[in-house]
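The residues making up each chain are set out below.
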Amino acid sequence: FTPFLSQTGTATKGVILVVDGIESKGTGVSASAIKSVSINNDPYSAESNRPGKGRIEILTKAGTLMFHGTFNFTFRDATLDAVTPLALARPAEQRRIYEGNITGPFLKLKKTTFLISGTRQEDDLEAIVHAASTNGTVSSNVPTPTHTTLFAVRVAHETSANHRFSLQYNVDDVVARNQGVGGLVLATAGVNSQTREDDIVFNDSLTIGTHLVNQFQYVLEKDHNPVRS
């Protein structure tokens, strides 16, 4: 979406991501659980203290009182790829993406729904090392996998047509191995890293009349970002 954003709107804090009316760091749900994505082109919108042309607005799907689900799967393999220059053998690379969501009534509570969504992306890539060492030329394929997991569970309740609140748990976990390896960098110099974020989000939305909406959000967040040689 970057080409559609105004450079003047993103100059101060970068791109702003607004999910369900609240500024957020990520979508919190998988792609199939997103209802719409738009860019606010109104630079003077009273809804935000920042220019609208630097803001991406996302609406997620609400839970339904009937069971409904979606599942998507993407697969790519390097069997038909050409041999990479300087590689002794074709890199055995593969990409797998599993994505979906399910929604429905929560227990037997009236006007209470749940939404479970998740994405698992496995990028099993390989870096090509071609370097000179004290023992001679080193040419090898080094696995550099990156596995990403996004999971969310939400329970929402409507007290009336104008009032809705929800409680959601999100986890976003990215595990990468042998990062930085390739070219003249040997496998022994690789870095293993993990970026994990766990969130508990409470959201309350109240429509007051025809021109006023009050939204309250409380977020508890835990970050875990180890980097090891």
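Residues numbered from 1 in each chain as written. Predicted model: local features only at pLDDT ≥ 70, side-chain atom pairs only at ≥ 80, totals over all residues. Heavy atoms only, no water.

> Quick question: what am I supposed to make of the sheet that holds strand β3 (residues 34–39) here?
Each strand in a sheet pairs with another by means of backbone hydrogen bonds, the pair being arranged parallel or else antiparallel. Here four strands make up an open sheet; going across it, the order is β2-β1-β4-β3 and the pairing mixed. Because the sheet does not close on itself, it has two edges, and the strands there are β2 (22–24) and β3. The sheet shows a mean angle of 30 degrees between the axes of neighbouring strands, taken without regard to direction. Both strand β1 (residues 16–19) and strand β4 (residues 55–60) contribute to a ladder of four bridges, which runs parallel. Across the sheet, the residue bridging to Leu-17 is Ile-56, located in β4. (Pairing = 2+ DSSP bridges. Helix = DSSP H or I, 4+ residues; strand = E, 2+ residues; numbered from the N terminus. Axes fitted to C-alpha atoms, helices over the stretch in contact; angles between N-to-C directions.)

> Explain unusual backbone geometry here, please?
For Leu-107, which is not a glycine, the phi torsion comes out positive at approximately 55 degrees. Considering the arrangement of structural elements, one finds Leu-107 in the loop between β6 (94–105) and β7 (112–124). Residue Leu-107 is classed as exposed on the basis of its relative accessible area, which comes to 66%. With phi around 55 degrees, Lys-111 is a residue other than glycine that occupies positive phi space. Relative to the helices and strands, Lys-111 resides in the loop between β6 and β7. For Lys-111, a relative accessible area of 49% gives the class partly exposed. (Buried < 20%, exposed > 50% of the residue type's maximum accessible area, 1.4 Å probe, protein only.)

> Is there a simple way to think about the pattern of salt bridges in this case?
Working definition: two side chains of opposite charge can pair if their charged atoms are close together. Inspection of the entire model under this criterion finds seven salt bridges. The shortest N-O distance in the salt bridge between Asp-124 and Arg-96 comes to 2.7 Å. Here the residue Asp-124 occupies a position in strand β7, and Arg-96 occupies one in strand β6, the gap between them amounting to 28 residues. Residues Asp-198 and Arg-196 are paired through a salt bridge, measuring 2.8 Å at the closest nitrogen-oxygen approach. Exposure remark for Asp-198: the relative accessible area of 15% places this residue in the buried category. The network of salt bridges with shared partners includes Arg-96, Arg-120, Glu-122 and Asp-124. (Salt bridge = Lys/Arg side-chain N within 4 Å of Asp/Glu carboxyl O.)

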